[in-house]
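Residues per chain are reported as follows:
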Amino acid sequence: EAAAAAAAAVSAVAWSSRHRRRMGFVAFYTRCVHRAPYTTKAVGTGVTYAFSDATAQALEYGLSSGASREAEDAKSAPERALRTLKFSAVGACWVGPLLAAWFNVMDALVPGKTFRPIAKKLIIDQVIQGPFMIATMYAWCAALNGRTFDQIQRKLDDSLWQTWVNSVYVWAPVQIAQQAVVPIHYRVAVANIVSYFWDTYLSYMMMTDASVEAPAPEPALVPEPEPEPEAAPKPDELVELRRRRRVIARHTTWRIIDDDDDDEDDEREGREGRREGRRKA
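Anyway, here's the lowdown on the structure attached to this text. Being a predicted model, the structure only gives us computed values, none of them experimental.

Structural notes on helix H6 (residues 149-181)
Then step 1. Helix length check: H6, at 33 residues, gives a terminal C-alpha distance of 41 Å against a target of 48 Å (1.5 Å per residue), a shortfall beyond 12%.
Then step 2. Along its length, H6 reaches its greatest deviation from straightness, about 45 degrees, at serine 159.

Structure below.
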C-alpha cells in the first residue's frame with residue numbers, strides 16, 4: 001500500500017508539473033497576444049508554415065519513385081531550407097497579420113454568437129476572404145520562386161477554383177466553431193493548428209515544381225547521321241559497267257554518223273533542185 005501511495009503521489013506530481021508547464025505556455029501566449037497581437041500571430045503562423053512545408057517535402061520524397069525520386073535526391077539541403085524559408089515568410093509576413101486583421105473586422109461588422117451572425121460570418125469568410133487569401137498566396141509563392149506574371153496567371157486559372165472548393169470543405173466547420181466558441185485572441189492560434197495539415201497540402205500545391213508551370217526545356221539537338229559511303233563495285237559489276245559504257249558509246253557514234261549522212265543527202269538534193277530550176281528557166 002505504501003508503494004502504491006508513493007507511485008500515485010509521483011504520478012500526481014508529474015501531472016501537476018506538466019499541467020503547470022501547459023498552463024504556463026498558454027499564459028505566456030496570452031500575454032504576448034495582448035502585448036503584441038499582430039507580431040505574435042505572425043510569428044505563430046510563420047512557424048506553422050515552416051513545419052507544414054517540412055512535412056510536405058518529407059511526403060514528396062517518401063511518395064516519389066523513378067524519375068521523381070532522382071529529382072528529389074538531386075535537391076540539396078540549402079535548396080530545401082530555402083523553400084521552407086520562402087513558405088514560412090508568406091505565412092509570417094502575409095497570412096498571419098491578414099487573418100488577425102480579418103477576424104477583428106468580422107467581429108466589428110457582424111457582432112454576435114447566435115446562428116444568424118455566425119452564418120453571415122461563415123458566408124462572408126468563405127466567399128470573400130477565402131478566394132482572396134488563396135489567390136494571393138499562390139501569387140506570393142510563385143513570385144518568390146521566380147515565376148513570371150503570365151505563369152502566375154496560368155497557375156491561378158488552373159488551380160484556384162479547386163483549391164478554394166477544398167478549402168470550403170476544411171475551413172467551413174472550423175470557422176463555425178471559431179465564431180461560436182473561440183475567443184477572438186485565440187482564433188489565429190486555433191486556425192494555425194488546423195492550418196498545419198491544410199498548409200501541408202498548400203505547400204505541395206504552391207511550392208513544388210509540379211504545382212507551378214516552369215518553362216519547358218529546349219529540345220536537345222540531335223546530329224544528323226552522316227551518309228554512308230557508296231560501296232565500291234565488285235569486279236564482275238565493274239566489267240559489266242564497262243561493257244555497257246562501250247555499247248552506249250558505239251550507239252551514240254552511229255547516231256552522230258547517221259545524222260551527218262542525212263545532212264549531206266539533204267544538201268545534195270538541194271543543189272540538184274536548184275540546177276533543175278535554172279534549166280527550166
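With respect to the pattern of salt bridges
Then step 1. The full count for this structure, using the stated rule, is five salt bridges.
Then step 2. Linking aspartate 53 and arginine 83 is a salt bridge whose minimum nitrogen-to-oxygen distance equals 2.9 Å. Of the two residues, aspartate 53 sits in helix H2 (residues 37-63) while arginine 83 sits in helix H4 (residues 77-109), which places them 30 residues apart along the sequence. We note that aspartate 53, like arginine 83, is buried.
Then step 3. Taking the shortest distance from any N to any O, the salt bridge between lysine 121 and aspartate 107 comes out at 3.0 Å. In this pair, lysine 121 sits in helix H5 (residues 115-144) while aspartate 107 sits in helix H4, placing the two residues 14 residues apart along the sequence.

A word on a nonpolar patch on the surface
Then step 1. A grouping of Val43, Val47 and Phe51 is seen on the molecular surface, where their side chains present a nonpolar patch of about 290 Å² in accessible area.
Then step 2. For valine 43, the position within the fold is in helix H2.

Regarding the environment of valine 170
Then step 1. Structurally, valine 170 is set in helix H6.
Then step 2. Owing to a relative accessible area of 31%, valine 170 belongs among the partly exposed residues under this scheme.
Then step 3. Along the primary structure valine 170 and valine 194 are separated by 24 residues, whereas in three dimensions their C-alpha atoms are 8.7 Å apart.
Then step 4. With near-sequence residues (within four places) excluded, valine 170 lies in contact with Val194 and Trp198.

Cut-offs used in this document
- Within any chain, residue numbers begin from 1 and follow the written order of that chain's sequence.
- Per-residue local features are limited, in this predicted model, to residues with pLDDT of at least 70; the limit for side-chain atom pairs, both in listing and counting, is 80 or more; totals at the level of whole chains, interfaces and linings are taken over all residues.
- The basis for every side-chain value is the complete set of heavy atoms in the structure, and neither hydrogens nor water enter the calculation.
- A run of H or I in DSSP becomes a helix once it reaches four residues, and a run of E becomes a strand once it reaches two; helices and strands are each numbered from the N terminus.
- One less than the number of residues in a helix, times 1.5 Å, gives the span that helix is expected to have.
- What the bend at a residue measures is the angle between two axes, fitted to the seven residues ending there and to the seven starting there.
- Whenever a carboxyl oxygen of Asp or Glu lies within 4 Å of a side-chain nitrogen of Lys or Arg, that contact is scored as a salt bridge.
- The rule is simple: take the accessible area with a 1.4 Å probe, protein chains only, and divide by the maximum for that residue type; under 20% is buried, over 50% is exposed, in between is partly exposed.
- Surface patches are drawn from residues lacking salt bridges whose relative accessible area is over 30%; two like charges belong together within 9 Å, two nonpolar side chains (Val, Leu, Ile, Met, Phe, Trp, Tyr) within 5 Å.
- For the area figures, the Shrake-Rupley method with a 1.4 Å probe applies, and any residue is considered shielded solely by the protein chains shown.
- Residues are treated as being in contact if the distance between any of their heavy atoms lies within 4.5 Å.

The analysis is restricted to geometry; functional conclusions fall outside its scope.
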